[in-house]
Amino acid sequence: MPAPAGATLRPACELDLGPLVIAARESLREEGRPDPFAGDARGFRRWVRGRVERARVVEHAGRIVFVGYADVQRPEGWLIQ
């Protein structure tokens with residue numbers, strides 16, 4: 001499916017780490033899981049940094065509006081966070 005008009009899809013880069021950390025924290029919160037950032041912020045950022053190369057961002061009007069990354073490889077394909 002193509003990105004909406006005016007939006008661009010691109011691979012994430014190191015500069016996107018902040019939004020990727022926020023998205024990972026929100027994903028865990030929605031699952032009702034503890035926030036690992038609260039106990040080990042540096043370790044959690046390091047964990048997310050290890051997924052940057054598998055991440056994609058959608059930008060619209062100069063803002064990141066969506067982030068996602070391939071998190072776990074399963075036999076049927078990748079789990080996207």
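Up top is the structure.
On a predicted model such as this, the values are computed, not experimentally measured, just so you know. (Residues numbered from 1 in each chain as written. Predicted model: local features only at pLDDT ≥ 70, side-chain atom pairs only at ≥ 80, totals over all residues. Heavy atoms only, no water.)

Undergrad: For this particular structure, what's the right way to read the overall build of the chain?
TA: Within the chain one finds three helices and four strands. The secondary structure elements of the chain, listed N-terminal to C-terminal, are β-α-α-α-β-β-β. In the chain, which comprises 81 residues, the proportion classed as buried is 27%. Partitioning the intrachain contacts of the chain with sequence separation of at least 6 by distance along the chain shows that 49% fall at a separation of at least 24. (Helix = DSSP H or I, 4+ residues; strand = E, 2+ residues; numbered from the N terminus. Buried < 20%, exposed > 50% of the residue type's maximum accessible area, 1.4 Å probe, protein only. Contact = heavy atoms within 4.5 Å.)

Undergrad: Honestly, the packing of aromatic side chains in this entry has me stumped. Any pointers?
TA: Enumeration according to the criterion identifies three aromatic pairs in this entry. Their ring planes at 80° and their centres at 6.3 Å tell us that Phe 37 and Phe 44 sit as a pair that is edge-to-face. The exposure class assigned to Phe 37 is partly exposed, which follows from its relative accessible area of 23%. Take Phe 44: its relative accessible area is 5%, and that puts it in the buried class. Judged by centre distance (6.5 Å) and plane angle (85°), the rings of Trp 47 and Tyr 69 are edge-to-face. Here Tyr 69 lies in strand β3 (residues 63-74) and Trp 47 lies in helix α3 (residues 41-49), a separation of 22 residues in the sequence. By way of ring pairs, the aromatic residues Phe 37, Phe 44, Trp 47 and Tyr 69 are connected into one cluster. (Phe/Tyr/Trp six-rings, centres within 6.5 Å; stacked < 30°, edge-to-face > 60°.)

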